[in-house]
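# Structural overview for review
Read off the chains here:
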Amino acid sequence: MSFKSTAAEAAANPLVPHTAELIVGAIAFTLLFLVLRSKVVPMFEKAFAARTEAIQGGIEKAEQAQRDAAVALSQYTAQLADARGEAQKIREEARVQGAAIIDDLRSKAQEEAARITASAHASIEAERQQAITSLRNEVGTLATELASKIVGEALDDQVRQSRIVDRFLEDLEKSK
Amino acid sequence: MRSFLLTGSGGGFVPPSTADFNLPPIFGHNVYTTKPIALVALSVILVSVFFIAASRKAAVVPSKLQFAGESIYAFVRNDLARDVIGHEFMRFVPYLFTLFTFILTNNIFGIVPLLQFPAMSHVSFPYVLAIFTFIIFHAVAIRKKGLLPYLKEIMFMPGVPKPVYILLTPIELATFFIVRPLTLSLRLFANMFAGHLLLLVFILGGDHLLKGVIGLKLISPFAFTFGIGLTFFEFMVQCLQAYIFTLLTALYIAGALADEH
């Protein structure tokens, strides 16, 4: 009954609230609030969180892949540098070895040449010694021969003496 | 309502008035069975069912239904709550979300065929909502700052010369305790009330012209056309008012949480 009277008052003035509507409005709003708060908001938040996580997960995965690729790249670069260094080293070694071989050969050749020269010298010396020895023997004989001839001729003058020497030398020439 | 008007007018056109908002109970004399109350109850059911259905799966890749529900929720959550309130916004999202969807649905009932009555044009409902907002933003401020510091902040705004308080203190008190809840509820109520009245004028007027002589019959389509145009305009107002009510509530809460006045 009291509701009817308020309703009648409200007819005159639209700014006067109806008791029934106030009660229903409050209950309806509270009910809707409870439903949305307990059932809807948590679910939407869950979906948002899951979505954020999925996006972040994707980004993290991509970042991981990028990091892996960078590591692999640096590894390959390092390996390449190693290989280059090694090749350089090998070339260097080969060069050094080649030089050593050449040096070796050259010194051997020089030794050989020296040896040959030395033996030649030695044989020449030996022949010379032999020649000297034989010459000395011959000169001795000749000198004795000459001396006997000079003594035999009775050398009294200069001319004769020189003639005798010349003849001796001519004899020597002929006997050769 | 229309037949009531026509029989009441006795042939002449009676323009729609505030009496048109005073709908009789559907069942006998039970004032709990009026159309606005039925509409409010319907809105609770519709909003609950729609959003529960939309959010039930909470999928990472949303269905169309979930996307629709999520868009509305994200709008209230991000554009209203988060941007206005700041880092503590999550606590108030359920309230703001309920407020927005409840007001929006009941407003839009004003242009939904067969329903065609905005429940918010009955001032009781905006009053209830404004009282809730009033309680919440004061409670938030009192819990955050303490009762006396809060009252002191309202009454004696810092950085103002002392004589100005004679003028400022009553204004501030009135703002916080009377003007805010009153304007909040009346703005919503008046917009819905006036909008509905406007639609009634053009559509009932067009209907009445159709019953007149041949000259008047020719004018009737213009009234109807205007009524349809206004219906679209009303749709905009209905959305806007739901947005404004929620936005202002968020602003009041943000003010209550802010350290400086």
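One structure accompanies this document, and this report is about it. (Residues numbered from 1 in each chain as written. Chains lettered and ligands numbered in written order. Predicted model: local features only at pLDDT ≥ 70, side-chain atom pairs only at ≥ 80, totals over all residues. Heavy atoms only, no water.)

When you go through chain B residue by residue, the secondary structure sums to eight helices and zero strands. Going residue by residue from the N terminus, the α and β elements of chain B occur as α-α-α-α-α-α-α-α. By principal-axis analysis of the C-alpha atoms, chain B measures approximately 70 × 55 × 40 Å. Long-range contacts, defined here as pairs at least 24 residues apart, represent 68% of the contacts in chain B between residues at least 6 apart. Total accessible area computed for chain B in this model is approximately 12900 Å², and 76% of it derives from carbon and sulfur atoms. Treating the 17 positive side-chain charges of chain B as one cloud and the 11 negative ones as another, the clouds have centres 6 Å apart. (Helix = DSSP H or I, 4+ residues; strand = E, 2+ residues; numbered from the N terminus. Contact = heavy atoms within 4.5 Å. Areas by Shrake-Rupley, 256 points an atom, 1.4 Å probe, with all protein chains shown as cover. Lys, Arg positive; Asp, Glu negative; His and termini not counted. Charge placed at Lys NZ, Arg CZ, Asp CG, Glu CD.)

Further remarks concern the environment of Leu251 of chain B. Residue and element names in this part refer to chain B. Locating Leu251 in the fold gives a position in helix 8 (residues 214-257). Leu251 gets classed as partly exposed once you look at its relative accessible area, which sits at 43%. C-alpha separation for the pair Leu251 and Asn191, spaced 60 residues apart in sequence, amounts to 21 Å. (Buried < 20%, exposed > 50% of the residue type's maximum accessible area, 1.4 Å probe, protein only.)

Bringing the nonpolar core into the picture now. Counting 68 residues, the largest nonpolar core has Ile85 and Phe102 of chain B as its most contacted members. Looking at this core, the elements with two or more residues in it are helix 2 (19-153) of chain A together with helix 2 (35-55), helix 3 (64-85), helix 4 (93-108), helix 5 (124-145), helix 6 (147-155), helix 7 (165-210) and helix 8 of chain B. By residue number, the principal contributor to this core is helix 2 of chain A, which donates eleven residues. The contacts of Phe102 of chain B, once residues within four sequence positions are left out, are Ala28, Phe29 and Leu32 of chain A together with Val40, Ser43, Val44, Met120 and Leu129 of chain B. (Core = buried A, V, L, I, M, F, W, Y, C linked by side-chain atoms within 4.5 Å.)

Counting residues at the interface gives 37 residues for chain A and 46 residues for chain B. At the boundary of chain A with chain B, total buried surface from both sides reaches about 3600 Å², with 77% on carbon and sulfur atoms. In this structure, the connection of chain A to chain B is made through two salt bridges. Of the charged contacts, one joins Arg77 of chain B and Glu45 of chain A as a salt bridge, the two residues approaching to 2.5 Å between their closest N and O atoms. Linking chain A with chain B are nine residue pairs in polar contact (both at pLDDT 80 or more), by the criterion used here. (Buried area = accessible area lost by both parts, 1.4 Å probe. Salt bridge = Lys/Arg side-chain N within 4 Å of Asp/Glu carboxyl O. Polar contact = N/O pair within 3.5 Å; in protein donor to acceptor, adjacent residues only side chain to side chain.)

Under the counting rule described, the total for this entry stands at 21 aromatic pairs over all chains. Seen in terms of ring centroids, Phe29 of chain A and Phe132 of chain B are 5.3 Å apart; in terms of plane orientation they differ by 25°. Their pairing is stacked. Of this pair, Phe29 of chain A sits in helix 2 while Phe132 of chain B sits in helix 5, each in a different chain. Looking at Phe132 of chain B, the relative accessible area reads 24%, which means it is partly exposed. For the pair Phe33 of chain A and Tyr95 of chain B, a centre-to-centre distance of 6.4 Å together with 70° between the ring planes defines the contact as edge-to-face. In this pair, Phe33 of chain A sits in helix 2 while Tyr95 of chain B sits in helix 4, so the two residues belong to two different chains. Each member of the pair, Phe33 of chain A together with Tyr95 of chain B, is buried. Taken together through their ring pairs, the aromatic side chains of Phe44 and Phe48 of chain A together with Phe50, Phe51, Tyr73 and Phe97 of chain B make up a single cluster. If you follow Arg180 of chain B out to its NZ or CZ, it ends over the ring of Phe176 of chain B, 4.3 Å from the centre. (Phe/Tyr/Trp six-rings, centres within 6.5 Å; stacked < 30°, edge-to-face > 60°. Lys NZ or Arg CZ within 6 Å of the ring centre and 35° of its normal.)

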